[in-house]
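Residues per chain are reported as follows:
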Amino acid sequence: MASVKYVSVTKRFGDVTAVNDLNIDIADKEFLVFVGPSGCGKTTSLRLLAGLEEVTEGEIYIGDTLVNDILPKDRDIAMVFQNYALYPHMSVYDNLSFALRLRHAPKAEIDQRVREAASILGIDHLLQRKPKQLSGGERQRVALGRAIVRHPKVFLMDEPLSNLDAKLRVQTRAELIKLHDRLQATFVYVTHDQVEAMTMGTRIAVMNKGFLQQVDSPQHLYDAPANMFVAGFIGSPAMNFFEGKMVGAEEELAVETRAFRLPIPPRMAHALKPHLGKKVILGLRPEDIYVASEVPPGIVGQQVACKVDLLELMGNEIFLHLAANGDNFTARVSPRAVATPGHPIDVVLDTEKLHLFDEQTQVALIPREIKLGISQ
Ligand code: ATP
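Small disclaimer: the values here were computed from a predicted structure and weren't measured.

About the criteria used
Residues numbered from 1 in each chain as written. Predicted model: local features only at pLDDT ≥ 70, side-chain atom pairs only at ≥ 80, totals over all residues. Heavy atoms only, no water. Pairing = 2+ DSSP bridges. Helix = DSSP H or I, 4+ residues; strand = E, 2+ residues; numbered from the N terminus. Contact = heavy atoms within 4.5 Å. Axes fitted to C-alpha atoms, helices over the stretch in contact; angles between N-to-C directions. Parallel < 35°, antiparallel > 145°, perpendicular 65-115°, else oblique. Left-handed = near helix turned anticlockwise from the far one by under 90°. Core = buried A, V, L, I, M, F, W, Y, C linked by side-chain atoms within 4.5 Å. Buried < 20%, exposed > 50% of the residue type's maximum accessible area, 1.4 Å probe, protein only. Nonpolar A, V, L, I, M, F, W, Y, C, P; charged D, E, K, R; others polar. Expected span 1.5 Å × (residues − 1).

Visitor: Please clarify how the sheet that holds strand β2 (residues 16-26) should be interpreted in this entry.
Guide: Each strand in a sheet pairs with its neighbour through backbone hydrogen bonds, running either in the same direction (parallel) or in the opposite one (antiparallel). If you trace the four strands from one edge of the open sheet to the other, you get β2-β1-β4-β5, paired in antiparallel fashion. Both edges of this open sheet fall to β2 and β5 (65-66), since each of them pairs with a single strand only.

Visitor: Can you walk me through the environment of L276 in this structure?
Guide: Considering the arrangement of structural elements, one finds L276 in the loop between α9 (266-272) and β14 (279-284). Considered as a pair, L276 and K245 are 31 residues apart in the sequence and their alpha carbons are 7.9 Å apart. Apart from residues no more than four positions distant in its own chain, L276 is found in contact with M246, V247, G248 and L253.

Visitor: Explain the packing of helix α2 (residues 92-102) against helix α4 (residues 136-148) here, please?
Guide: Each pair of packed helices gets described by two things: the angle between the helix axes and the distance between those axes. Interhelical geometry of α2 versus α4 gives an angle of 30 degrees and a closest axis separation of 8 Å. Here α2 is positioned roughly parallel relative to α4, judged by the angle of their axes. The interaxial crossing formed by α2 with α4 has right-handed handedness. Side by side, α2 and α4 meet where V92, N95 and L96 of the first sit next to V142, G145 and R146 of the second.

Visitor: Got a minute to help me understand the nonpolar core in this structure?
Guide: For soluble globular proteins, nonpolar side chains are generally found buried alongside one another. Counting residues in each nonpolar core, the largest one holds 46 residues, and the members touching the most others are M157, L176, L179, Y189 and V206. The next biggest cluster of nonpolar side chains, apart from the first, holds 35 residues, and it includes L262, L282, L284 and C306.

Visitor: Even after reading the chapter, I still don't get the pairing of strand β6 (residues 77-80), so can you show me in this structure?
Guide: By the alternation rule, side chains of β6 split into I77 and M79 and A78 and V80, which are all buried. Note that β6 and strand β7 (residues 154-158) share four bridges and pair parallel. Residue pairing in the sheet places I77 in a bridge with V154 of β7.

Visitor: Which parts of the structure should I look at to understand the packing of helix α3 (residues 107-121) against α4?
Guide: Between α3 and α4, the shortest axis-to-axis distance is 9 Å and the interhelical angle comes to 135 degrees. Between α3 and α4, the angle is such that the two are oblique. Viewed along their axes, α3 and α4 form a crossing whose handedness is right-handed. Listed contacts from α4 to A117, I120 and L121 of α3 are R141, L144, G145 and I148. Looking at the contact of α3 with α4 residue by residue, the classes come out as five nonpolar, one polar and one charged.

Visitor: Just checking my understanding: could you explain unusual backbone geometry for this structure?
Guide: The phi angle of most residues is negative, glycine excepted, and most peptide bonds adopt the trans form. Cis rather than trans, the peptide bond between S236 and P237 has omega equal to -5 degrees. The topology assignment puts P237 in the loop between α8 (228-233) and β11 (240-247). Although it is not a glycine, D21 sits at a positive phi angle of roughly 50 degrees. For D21, a relative accessible area of 43% puts it in the partly exposed group. Of note in this structure, Q362 is not a glycine but carries a positive phi near 65 degrees. Note on placement: Q362 falls in the loop between β20 (355-358) and α10 (368-372).

Visitor: Where do I start with α4 in this structure?
Guide: Because each turn of an α-helix spans 3.6 residues, side chains separated by three or four positions end up pointing in the same direction. A rise of 1.5 Å per residue sets the reference length of α4, with its 13 residues, at 18 Å; its end C-alpha atoms lie 18 Å apart and thus fit the reference within 8%. Across the 13 residues of α4, 10 count as buried, placing the element largely inside the fold. Within α4, the full set of buried residues consists of G137, Q140, R141, V142, A143, L144, G145, R146, A147 and I148. As for α4, its buried residues are in contact with β6, α2, α3, β7 and α5 (166-183).

Bear in mind that shape data such as this cannot, by itself, settle questions of function.
What follows is the structure in structure tokens.
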């Protein structure tokens, strides 16, 4: 198996810079997910690695080999696409064996690899069927099988689940995680779906407008987003943002918004002192806002009087849409919370969980180590 390395990789299509100075090291056996909104450059990044697009500037390595000038078929990768691209006139067996037959692999070896892949994916009983006689999920497995039989160094997957219905997507997601464990191979996976990225990736690379925003483990990305884009993209409902200003004396820093004044926890204060008097953006995730009558023990919070705008009942939780002096925000609270649209309500903001961003650059102001409680 193999590591993958992008070194200052840029890809331009005429005036459009699809990928801008991408640097990323993907370890052997890692499950790396590129995620971002439509047009952010994630598919292009994958196609560059596959050799389906030519790099404009920079270098791509698979293992220790510089692959810029190596043909796709010689890169030792296998790609699974959103549209499964199965040959309709061939049986599942022939679809699975096609690439090996092209390479004139010995018949016995082809048969052994096809049966091994079919067994891994649980499609042994479908080998004689044609693609049109399969369900969407089964077709997706055949597409994966075609990659597996090749024993590639790196599996590349571009939105492979997006043609499946919601239930099958969740099920196949879990199967892909197991498959990765079982194959012990490097997976590079593209999706626009942050839930897919969070659940599958050992690390996630968030992209926006051709630029890599942050690469981190799912939990670290969630707990310590490097900027407002990542903070707003990862998490649902999205993080609340409030315009504010750093105020107070050195020992008692606070951030003041239109609606409230939130004291800065002492462990964050030192790093934030240089921003005293400056405009900032405060971020708070919906689950870090509690109805005042339901605050769990141990939460250090700031009480704020608001009005309930709207309730979204989800069954296992409620999304409370709140308004306070011109600030609108969402809280994710327990289904037992008592709230009535149009009525006042007191909520508590968990000050330990606050995020702060520079108003101009939108970059996070609290260092990652402090957010994650990692000593420097
Ligand atoms: P999506 O989720 O919609 O597939 P993406 O993040 O995968 O989006 P890319 O397909 O990598 O985005 O495209 C990045 C940018 O490059 C877009 O602005 C796109 O229009 C442009 N682009 C991609 N391929 C080409 C091409 N062959 N010619 C010109 N522009 C292209």
